[in-house]
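Descriptive analysis of the structure
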Amino acid sequence: MVPWLGVDPAGRVYSVMAESSSVWAARREGFGWAWEQVSLFGSPDHTSAAFGPGGELHIAFHDASPGELKYASKSGIFWNQETVHPHPGGNLGLYNAIAVFPSGRVAIVYYNSVQGDLWGAWKDPGGAWQHRLLDSVGDVGSYASIAVDGSAAVISSYDATNGNLKVLVWTP
């Protein structure tokens with residue numbers, strides 16, 4: 001379990017973490033925290049989060065029980081959860097990182113631990129998830145991070161084959 005910590009556009013501190021069979025989001029309120037259960041089943045780990053253009057929280061996490069990448073966003077008072085990249089028998093979604101473009105497009109980068117590949121997935125508001133293999137030369141893609149730069153995403157990840165940091169620009 002590695003918690004994520006961020007500050008929304010209004011200056012409120014948030015934390016996201018996986019524990020046991022749940023993903024939790026917490027918002028700092030006064031001297032305490034307001035906790036919300038995001039996912040209620042599975043074996044979540046490797047969480048990441050980002051704020052959208054309206055300050056909404058977007059969460060990506062790996063669910064170890066099916067070995068898939070999941071995504072959660074809040075609509076009203078309810079958290080909606082989706083499978084981003086189903087992969088029976090695989091292990092997709094480790095070391096994920098998420099970013100949201102000003103247009104609302106969500107982009108997630110993640111590692112396939114079986115093949116040692118870096119993948120990217122994206123979804124426009126109201127659209128369906130699309131995904132593509134971004135790098136497969138050697139064992140690449142672990143410890144990924146992503147940042148939005150205009151209409152492109154800048155991604156860094158670890159190249160375990162060569163012991164190097166890799167950086168690439170991706171336009172989802």
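First things first, this report covers the structure right here in the doc. What you are looking at is a predicted structure, and each value in this text was computed from that prediction instead of being measured.

Reading the values: rules and limits
- Residues numbered from 1 in each chain as written.
- Predicted model: local features only at pLDDT ≥ 70, side-chain atom pairs only at ≥ 80, totals over all residues.
- Heavy atoms only, no water.
- Buried < 20%, exposed > 50% of the residue type's maximum accessible area, 1.4 Å probe, protein only.
- Helix = DSSP H or I, 4+ residues; strand = E, 2+ residues; numbered from the N terminus.
- Pairing = 2+ DSSP bridges.
- Salt bridge = Lys/Arg side-chain N within 4 Å of Asp/Glu carboxyl O.

1. Let's talk about the pairing of strand 14 (residues 152-159)
Across the eight residues of strand 14, six count as buried, placing the element largely inside the fold. As judged from the seven bridges shared by strand 13 (residues 140-149) and strand 14, these two strands associate in the antiparallel manner. From the neighbouring strand, serine 142 faces strand 14, where its bridge partner is tyrosine 158. Strand direction decides the pairing type here: strand 14 and strand 15 (residues 164-170), joined by seven bridges, are antiparallel. Bridging from a neighbouring strand, serine 157 pairs with lysine 166 of strand 15. Adjacent in sequence and paired antiparallel, strand 14 and strand 15 are bridged by four residues, among which glycine 163 carries a positive phi angle near 70°.

2. Side note on the pattern of salt bridges
According to the stated counting rule, one finds seven salt bridges in the structure shown. Across the salt bridge formed by arginine 27 and glutamate 29, the nearest N and O atoms sit 2.3 Å from each other. Classification of arginine 27 by relative accessible area gives partly exposed; the value is 22%. On the basis of relative accessible area, glutamate 29 is assigned to the partly exposed category, the value being 42%. Residue aspartate 124 pairs with arginine 105 through a salt bridge whose shortest N-O separation is 2.7 Å. Taken together, the residues span a long stretch of sequence, with aspartate 124 in the loop between strand 11 (117-123) and strand 12 (130-135) and arginine 105 in the loop between strand 9 (92-100) and strand 10 (106-112) at a distance of 19 residues.

Bear in mind that shape data such as this cannot, by itself, settle questions of function.
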